[in-house]
Amino acid sequence: MTRLGQTARIRLARAGALAGLALSGIVAAFATIAPAGDAEVRQSAIAEPLAIRPEESVLPSSGELIREERFQRGDTLAGLLARLEMDPDEARALARHQGMRLLRPGTALTATFDASGTLHSLDFLGSRDTLVVFRRSASGFSLSEDRAQLETRVAMKSSVIRSSLFAAADAAGIPDAVATQVADMFGGDIDFHRDLRKGDRFAVVYETHTFQGLTVRSGRVLAAEFVNQGRVYRAVWYGTADANDRASGGYYAPDGKNLRKAFLRSPLEFSRVSSAFGMRRHPILQSWRAHQGVDYAAPTGTRVRAVADSVVEFVGRQGGYGNVVVLRHQGQYSTLYGHLSGFTRGLRKGARVAQGETIAFVGQTGWATGPHLHYEFKIAGQARNPLAVALPAALPVPAAEMPRFAGQVQPLVARLDLIGNSQVALLE
Ligand SMILES: [Zn+2]
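Residues numbered from 1 in each chain as written. Predicted model: local features only at pLDDT ≥ 70, side-chain atom pairs only at ≥ 80, totals over all residues. Heavy atoms only, no water.

### Observations concerning the sheet that holds strand S19 (residues 358-361)
Adjacent strands of a sheet form backbone hydrogen bonds with each other and so pair up, either parallel or antiparallel.
Argument step 1. Ordered by their spatial adjacency, 3 strands build an open sheet running S13-S19-S17, and the pairing between neighbours is antiparallel. Either end of the sheet is taken by a strand with one partner, and the two such strands are strand S13 (303-305) and strand S17 (342-343).
Argument step 2. Where S17 and S19 come together, 2 bridges link them in antiparallel fashion. What sits directly across from Gly342, in S19, is Phe361. (Pairing = 2+ DSSP bridges. Helix = DSSP H or I, 4+ residues; strand = E, 2+ residues; numbered from the N terminus.)

The following block contains the structure:
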């Protein structure tokens, strides 16, 4: 194994081929291998960089050497720069540089050295979507930051649930952020903490933002299908621009019904941590009638969200409930959240809270044998089973907009059909 380790990528480049920026030089080199626009070919070209072990590399006298390293989660700047085999004094100076604060985990750095092994420049995609470049100057390193052109591509993936939504997402190479969006968009119909079953499957069409062929992050989910216990749910993003050209939009069923409900199915955020727990151990099920509420087992600290737009009616301690929040919603509805470990800062009686906003955190205060959320749903003061009540939906696409909606949605539905079919083929 080389000193650089497995993730290190090293390339030789002819001097002059790199007109200024190291990264654009690399892409130029790949552009000759794969025609621009052919995403698949280009991505695989980048995934398999020329592997030359440093001790074997022989530098042409006019050559430049480029090294790439990824800033891993938990990495230190010193460790990262050391892997790039930089002069230790220069590495220390760079690590202290203000511009390094723009580096975020997961980002690749490219260092260009001249033939004598002196660092010539260092660049990476910064946290503000800018190309950050350090260049050697008379007085150390000068910093420049330019707007980077991100490309948006559309990815289509599907998976089957065997243990959890996130495990299924991992198996298909779907980012966590996309899996969470899928859970959120169907959150009015499916309680992802209680309703998921082995064999459920989903397909998703989503945007990915790339910079010179490398995925920087995932973007918005454009369409998704979720088959839960045999029932098929579909959602498509429908965007509109208001008079001030501000973009807005939401998720709708392909027939124009709004996916957003006045109430969320579950008061718990759906995250990798809470889902892993929930799938192993089902929520504490007690007779609802005797108990007047639903209990969700979840790790202490899991975020509790307001299930609907609301005004805070009570925050504080109350006997067996321990720390408790009561929210009042439109109409005759109210909800109660008990055994909390703590509240969101600033939450007080009379405050307005939007649907999905975090109000508190799971705990085991009051009469609780383990960390869980006790959740009550009341209509006109009467406790009702939140898992059984029919919840009012938000407004559908207005009739006048349906032709535009249909035009925007049709290609997305076609894509879902396409993935759905290939999925069936795989299962058989
Ligand atoms: Zn309870």
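The discussion continues.
### Structural notes on the confidence of the model for the protein
Argument step 1. Taken over all residues, the pLDDT of the protein has a mean of 79, while the share at 70 or more is 77%.
Argument step 2. Here helix H2 (residues 39-47) stands out as the element of the protein with the lowest mean pLDDT, 29, in contrast to strand S15 (residues 323-328), whose mean of 98 is the highest.
Argument step 3. For the stretch residues 277-283, pLDDT sits under 50, and the model shows 13 contacts to residues farther than four places along the chain or on other chains.
Argument step 4. For the stretch residues 424-428, pLDDT sits under 50, and the model shows 2 contacts to residues farther than four places along the chain or on other chains. (pLDDT = per-residue confidence, 0-100. Contact = heavy atoms within 4.5 Å.)

### Section: the nonpolar core
Argument step 1. With 30 residues, the main nonpolar core has Leu165, Phe186, Phe192, Val204, Val221 and Phe226 as its most contacted residues.
Argument step 2. For this core, the elements supplying multiple residues, two or more each, are helix H5 (165-172), helix H6 (176-185), strand S8 (201-211), strand S9 (214-228) and strand S10 (231-241).
Argument step 3. Core analysis: the second largest hydrophobic core is formed by 27 residues, Ala298, Leu327, Val353 and Val362 among them. (Core = buried A, V, L, I, M, F, W, Y, C linked by side-chain atoms within 4.5 Å. Buried < 20%, exposed > 50% of the residue type's maximum accessible area, 1.4 Å probe, protein only.)

### Some points on the packing of aromatic side chains
Argument step 1. Under the defined criterion, the tally for this structure stands at 14 aromatic pairs.
Argument step 2. Summarising the aromatic geometry, the rings of Phe263 and Phe377 are spaced 5.3 Å apart at their centres and angled 70° between planes, so their arrangement reads as edge-to-face. Placement of Phe263 in the loop between strand S11 (247-252) and helix H7 (272-280) and of Phe377 in strand S20 (residues 372-379) is noted, with a sequence separation of 114 residues between them.
Argument step 3. We note Arg194 situated over the ring of Tyr296; from NZ or CZ to the ring centre the distance is 5.5 Å.
Argument step 4. Across the ring face of Trp237, the terminal group of Arg220 is positioned such that the distance to the ring centre comes to 3.8 Å. (Phe/Tyr/Trp six-rings, centres within 6.5 Å; stacked < 30°, edge-to-face > 60°. Lys NZ or Arg CZ within 6 Å of the ring centre and 35° of its normal.)

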